[in-house]
Amino acid sequence: MQHLADTCANCTTDAKSKRRDFSEQAWAVLLVWKEVQAGAVDQPICDECYAELRETLIDRAGEIEDALKAPKQPQKGAVVAKGKSRKAG
Ligand SMILES: [Zn+2]
């Protein structure tokens, strides 16, 4: 695995980038929140992205569990058809 790079895997800026040791959980929520590109997970990212992601994790620490509990939930209140469709046969 690459630990250092000249390009950030997240914002694709040419900047000294380093792989960050976020936990699996942290990467997962960052993905759910669309704070990070899927291709940047566990890849070297620049200092700027790292600072932003870290802040996001701190700011939204209370939401992390919720985000992990309900990944990819269908829209709330999705319409469920009641009853069976009757077709004259
Ligand atoms: Zn970056």
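Computed from a prediction, not measured in an experiment: that's the story for all the values here. (Residues numbered from 1 in each chain as written. Predicted model: local features only at pLDDT ≥ 70, side-chain atom pairs only at ≥ 80, totals over all residues.)

### Section: unusual backbone geometry
Reasoning step 1: Of note, the phi angle at Thr-12 is positive, near 60°, even though the residue is not glycine.
Reasoning step 2: Tracing the chain through its elements places Thr-12 in the loop between strand S1 (4-7) and strand S2 (14-19).
Reasoning step 3: Although it is not a glycine, Lys-34 sits at a positive phi angle of roughly 60°.
Reasoning step 4: Take Lys-34: it is sitting in the loop between helix H1 (24-32) and strand S3 (44-46). (Helix = DSSP H or I, 4+ residues; strand = E, 2+ residues; numbered from the N terminus.)

### Overview of the environment of Cys-11
Reasoning step 1: Examined against the element boundaries, Cys-11 turns out to sit in the loop between S1 and S2.
Reasoning step 2: A residue is classified by how many C-beta atoms lie within 10 Å of it, and Cys-11, with 16 of them, is partly exposed.
Reasoning step 3: In the structure, Cys-11 is positioned 37 residues away from Glu-48 in sequence and 9.3 Å away in space, judged by C-alpha atoms.
Reasoning step 4: Not counting residues within four places of it along the chain, the set of residues in contact with Cys-11 comprises Cys-46 and Cys-49. (Buried ≥ 20, exposed ≤ 12 C-beta atoms within 10 Å, placed from the backbone. Contact = placed C-beta atoms within 7 Å.)

### Overview of the nonpolar core
Reasoning step 1: If you look at the biggest cluster of nonpolar residues, it comprises 11 residues: Cys-8, Ala-9, Val-29, Leu-30, Val-36, Ala-40, Ile-45, Cys-46, Cys-49, Leu-53 and Leu-57.
Reasoning step 2: Looking at this core, the elements that each hand over two or more residues are H1, S3 and helix H2 (47-59).
Reasoning step 3: The element that contributes the greatest number of residues to this core is H2, accounting for three residues.
Reasoning step 4: If near-sequence neighbours (up to four positions away) are discounted, Leu-53 is found in contact with Leu-30, Glu-35 and Val-36. (Core = buried A, V, L, I, M, F, W, Y, C linked by C-beta atoms within 7 Å.)

These results come straight from atomic positions and should not be treated as a statement about function.
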